Amino acid sequence: MKSPAHRTRDIERQAGYLRPEHCAPPPLRNTSDTMWFIRDGCGIVCGVITWFLVLYAEFVVVFVMLLPAKSVIYSLFNGVIFNGLGFLALASHAKAMCTDPGAVPKGNATKEFIESLKLKPGQVVYKCPKCCSIKPDRAHHCSVCKRCIKKMDHHCPWVNNCVGENNQKYFVLFTMYIALISFHSLILVALHFVFCFEEDWTKCSNFSPPATVILLILLCFEALLFLIFTAVMFGTQVHSICTDETGIEQLKKEERRWAKKSKWMNMTVVFGHPFSIAWLSPFATPDHGKADLYQYIV
Ligand SMILES: [Zn+2]
Ligand SMILES: [Zn+2]
């Protein structure tokens, strides 16, 4: 039995269904110079919570553990690593949130546009009935973003954006840096408890012993929870990049219509070519210079 997704695709194969005259012409204003930001209440709240949690971890690590520590080298070494990774995590989050994930121009399913594609016999285009756009292959409609997104993996409320062709690198870096700061803070909490059991607790922290213990336990819970969550997410993302199959394609068990490439090639498509330190930087934009495929051969 065919899934609903397959049925939709079958309907869209019929040229008459396209009805381009029902689509409004694409908006005239140039959307490329405006910042991408999804106005979704739930996503904005989740995004703010993410920043708050990272800043809470920064506060506990710096003010409760590192500043009162006796060894300046220990504090400096761990402070630089933790704050550096924390900064990269927040920068990756901001980039993942404010980068267009690969939205297809809205309302481009016009008669003129379809004619300009110069379809040959046997070639068809898919139209999204929700945003009136011609969908490139592997694009999916997101009901939160209200747009069709190229190579959409999933909509992530934590970054208040879809994870798609253009921002997957930032999302992967975000999960990686959050996993790393979570792991680092767990080590620091463990070391702090070991050192402070031998010492007088009042000398170990600028806060009262009960406040210190509560702050550390809360950080422990937070770090453990997010270490598991982001490490699993990071692994899943790297796997889906290597196999060149998005989360949606895996869920829908879509048949493979695109060429199979090596794992390394698939990684360079997302992170940019050639391999360099820029892969780890949320400030380096990967080169996605590829032509869009609107046509399908049936
Ligand atoms: Zn759509
Ligand atoms: Zn979305």
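Residues numbered from 1 in each chain as written. Chains lettered and ligands numbered in written order. Predicted model: local features only at pLDDT ≥ 70, side-chain atom pairs only at ≥ 80, totals over all residues.

Within an unreviewed UniProt entry, the label attached to the protein reads Palmitoyltransferase, and the organism entered is Cyclopterus lumpus. The record held by UniProt for the protein lists under Subcellular location (unreviewed entry) the comment "Membrane". According to the UniProt record, the Sequence similarities (unreviewed entry) comment for the protein reads "Belongs to the DHHC palmitoyltransferase family." (UniProt positions renumbered as here; feature names shortened; annotations may be inferred.)

Asker: I'd like a description of the packing of helix α4 (residues 72–98) against helix α6 (residues 168–198), backed by residues and values.
Answerer: At a closest axis distance of 8 Å, the pairing of α4 and α6 adopts a crossing angle of 150°. Classified by the angle their axes make, α4 and α6 are roughly antiparallel. Crossing hand, α4 versus α6: left-handed. Here α4 contributes Asn78, Ile81, Phe82, Leu85, Gly86, Leu88, Ala89, Ser92, His93, Lys95 and Ala96 to the contact with α6, which in turn contributes Tyr170, Phe171, Leu173, Phe174, Tyr177, Ile178, Leu180, Ile181, His184 and Leu188. Partitioned by chemical class, the residues of the contact of α4 with α6 number 15 nonpolar, five polar and one charged. (Axes fitted to C-alpha atoms, helices over the stretch in contact; angles between N-to-C directions. Helix = DSSP H or I, 4+ residues; strand = E, 2+ residues; numbered from the N terminus. Parallel < 35°, antiparallel > 145°, perpendicular 65-115°, else oblique. Left-handed = near helix turned anticlockwise from the far one by under 90°. Contact = placed C-beta atoms within 7 Å. Nonpolar A, V, L, I, M, F, W, Y, C, P; charged D, E, K, R; others polar.)

Asker: Which residues make up the UniProt feature "transmembrane region" (unreviewed entry) in the protein, and what values go with them?
Answerer: Within this structure's numbering, the places UniProt gives as "transmembrane region" (unreviewed entry) are residues 42–66, 72–91, 170–193, 213–234 and 264–284. Summarising residues 170–193: 100% helix, 0% strand, and an end-to-end C-alpha distance of 34 Å. With 38% helix and 0% strand, the stretch residues 264–284 has end C-alpha atoms that lie 19 Å from each other.

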